[in-house]
Structures are given as C-alpha cells and as structure tokens.
Amino acid sequence: MMRMKVMLVLYLMILPLALAQLKLGFYRSTCPPAESIVEAVVRKRFDTDKSITAALLRMHFHDCFVRGCDASILIDSTGQNQSEKVAGPNLTVRGYDLIDQAKNALESVCPSKVSCADVITLATRDSVFLSGGPFYDVPTGRRDGRISNPDEVNLPGPSLPVSQAFQSFSDKGMTMDDMVILLGAHTVGVAHCSFFSDRISGRGDPTMDPALVAKLKGFCGAANDPTAFLDQGTAFTVDNEFFRQIRLKRGLMEIDQELANDRLSRGLVSRFAANATLFRTRFAEAMVKMGNIQVLVGNAGEIRKNCRVFNPN
C-alpha cells in the first residue's frame, strides 16, 4: 500500500510537468484558428513590407536570449519601471505594431488564450516562409513573463570573435552549428553604416572584398547613418546566399565575416553555402530549438491581454 501511495504521489508530481510542455497544436481546442489568425496578419504586412521578416527574426532572437522566449521584450516602459525596450541593443528592434495587431485579432476571437510569446514565435515562422524560407511546425504553449529589465539585456555584439559569441549561445544550450545557422538569418535585414564603419575606414579591412569596401565608402558618407543590406545577393529571401557571400569576403558585420574565417565555424559555413537543402533543414531545426529556450509553461507567468503591459495582479 505504501509503495502504491509513493508511486501515486510521484505520478501526480510528474503529470503537471508532462502536460505543461510545449506541443504542436497546443491551441487546437482552446483557440482553433490561432495560427491562421497570426498568419493572416503577417501575410497582410508582408505584402507591403518585405523587411518585416528581418524585424521579426531580430525580435524573436532578442526576446529568447533574455529570460527566455517569454515576450519580455514587448513590455513598454513606465514612469516607474524601465523595460528591455530601452536597452541599447533593442532601440532599433521593430515590428511591435504587428504583434499588437495579431494579439488584438486573437483577443477578439479567443480572449486570454494565446500568449504574446507564442505570437512572436508563430509570426516569425510565417514571415520566414513568406520570404522563401522553410515552413516548420512550432510547438506552442509558451506563457508570458512578468519581468522586463533592461539591465538583463546582454546580447552578443557584432564585433565579438566567434569564440566569445559562441559562449552566449552555449549558455542557452545551443551548439556551434546552431549559432552559425541562426546567424544565417542575416540573409535578410540591414545594418547601419556605424556598425561596420571601422571596417571600411582607411584602406579598409583586408578581410573584406575591396570592391565592396569602395562601394560602401561612397554609400556610407551620408550624414544620416544609412543602412546597407547584410546579404549582398538576395537581400529579401531566406536562403543560403548569405553563406556564399561571406565566403567571398562580402560580409558587413565583423562577426559575420569571422564565421567564414574562423577555424571553429568556417567548415559549417562551407557546408551551408554548398547545400541549400541542408540550410533549410538546419535553419528550421535551430529556429524551433531557439524558440524553446527557458520557456514558461503550465501555471508559470501569465497570458497577457495586452502584449505591452503586464496583467494587473
């Protein structure tokens, strides 16, 4: 009898954990149209602004690497509390309005059912697919965090060597392979000239294509800190062209170019540059893996009504 009681207690302890994990189709019964609602909002924006894919990829990464994928990046600052949004790396993050639109649409159909954290994850997946990238199923069931602190925003910078950048990924349970393929998200998006100005000053960085240095010198001379495409080939398409470009010394950011030069990562860069199918498969896998970082599930956190504000206690 005692043994049966112990087994029952252990079962009751484990059961909530098992039920609380992320799973495919998490909203199938509580909000069946959830994924299609998010997809419709993303598609409408993508039709007029193809740069939204880069914006969402960046938002998703910046969210998951600070406190995990809990939508803490969406919280607005108040007079009493500053949020992650005011941290330096997040000042140029955009796409918040799209998340608001998707959340509002969801609330009108399924109030208090779909988390803002899942909205970010689903919207990013859908935008990747619309940009020519792979479609991948993402498990859902994340809950939203109740902390957003700018002092906790410590993201790998664009000038870090590969080994130091990898430490940030390793701390989140990611492999070198994961890091290289996720930085392949730079196949879309732009960088302000100020982020790579040191690489084109004087004679230019010898690890950068001289023709590209000359082009960027003329382009970046404007006073308003213009932006340049991170991928010199297919700037609005999620594909493996970024890896081909950095092998040709055409990476803008120092960390991007170092991926092709450093012994720790150059073999992976060559593999992804040579095999488009491998790129698509590994990119999808790494995006799902990143979306699982330190997620809140079960009764942890909350389901926000408004993605920009914590629910009242």
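Quantities reported herein were computed from a predicted structural model and do not represent experimental measurements.

Analysis parameters
Residues numbered from 1 in each chain as written. Predicted model: local features only at pLDDT ≥ 70, side-chain atom pairs only at ≥ 80, totals over all residues. Heavy atoms only, no water. Helix = DSSP H or I, 4+ residues; strand = E, 2+ residues; numbered from the N terminus. Contact = heavy atoms within 4.5 Å. Disulfide = S-S within 2.5 Å. Buried < 20%, exposed > 50% of the residue type's maximum accessible area, 1.4 Å probe, protein only. Expected span 1.5 Å × (residues − 1). 1 Å grid on protein atoms, 1.4 Å probe; cavity = no way out; pocket = protein on both sides within 12 Å on 5 of 7 lines; lining within 4 Å. Points joined across faces, edges and corners; volume = space filled by probe spheres on them. Nonpolar A, V, L, I, M, F, W, Y, C, P; charged D, E, K, R; others polar.

Peer 1: What's the story with the environment of Pro158 in this structure? I'm lost.
Peer 2: With respect to the helices and strands, the residue Pro158 is situated in the loop between helix H5 (116–130) and helix H6 (162–170). Through-space distance from the C-alpha of Pro158 to that of Asp256 is 7.8 Å; in sequence the pair is 98 residues apart. The residues touching Pro158, leaving out its near neighbours within four places in the chain, are Phe195, Met253, Glu254 and Ile255.

Peer 1: Looking at this structure, how should I read the state of the cysteines?
Peer 2: In a disulfide, the sulfur atoms of two cysteines are held together by a covalent bond. Inspection of every chain in the model, using the stated rule, returns 4 disulfides. Each disulfide pairs two cysteine sulfurs, and for Cys116 the partner residue is Cys307, the sulfurs being separated by 2.1 Å. Between Cys116 and Cys307, the S-S dihedral sits near -100°, and the bridge is therefore left-handed. With Cys116 in helix H5 and Cys307 in the segment after helix H13 (276–290), the pair connects residues that are 191 residues apart, well separated along the chain. Cys307 matches Cys116 in its accessibility class, with the two residues each being buried. For Cys193, the disulfide goes to Cys220, at an S-S distance of 2.0 Å. Its S-S torsion of about -70° marks the bond between Cys193 and Cys220 as left-handed, since a negative value means left-handed. One end of the pair, Cys193, is in the loop between strand S1 (190–192) and helix H8 (197–200); the other, Cys220, is in the loop between helix H9 (210–219) and strand S2 (227–229), with 27 residues separating them in the sequence.

Peer 1: How should the environment of Phe196 be read in this particular structure?
Peer 2: Relative to the helices and strands, Phe196 is located in the loop between S1 and H8. The spacing of Phe196 and Leu216 is 20 residues in sequence and 9.8 Å in space, taken between C-alpha atoms. Residue contacts for Phe196: discarding those within four places in its chain leaves Ala191, Leu216, Cys220, Ala228 and Leu252.

Peer 1: When you look at H5 in this model, what are you seeing that I'm missing?
Peer 2: For the α-helix, the turn length of 3.6 residues means that residues three or four positions removed from each other point alike. Taking 1.5 Å as the rise per residue, H5 with 15 residues should run 21 Å; its terminal C-alpha atoms sit 21 Å apart, in good agreement. With 14 of 15 residues buried, H5 is to be regarded as a mostly interior element. Count one or two residues on from H5 and you reach Gly132, which has phi positive near 95°.

Peer 1: Is there a simple way to think about the layout of surface pockets in this case?
Peer 2: The probe, sized like a water molecule, is rolled over the atoms to show the empty space still left. In this model, the largest pocket occupies a volume close to 1000 Å³. In terms of lining, the largest pocket is formed by 38 residues, of which the most central are Arg58, His62, His186, Val190 and Leu230. Counting residues per element, the ones that place at least two in the lining of the largest pocket are helix H3 (52–64), H6, helix H7 (176–183), S1, S2 and H13. Residue contributions to the lining of the largest pocket peak at 7 residues, all from H3. Looking at the lining of the largest pocket residue by residue, the classes come out as 27 nonpolar, 9 polar and 2 charged. Approximately 190 Å³ is the volume attributed to the second largest pocket. Contributing to the lining of the second largest pocket are Ile75, Asp76, Thr78, Asn81, Gln82, Ser83, Ile147, Ser148, Arg308, Val309 and Phe310. Residue classes in the lining of the second largest pocket are distributed as 4 nonpolar, 5 polar and 2 charged.

By themselves, these observations are geometric and do not establish any function.
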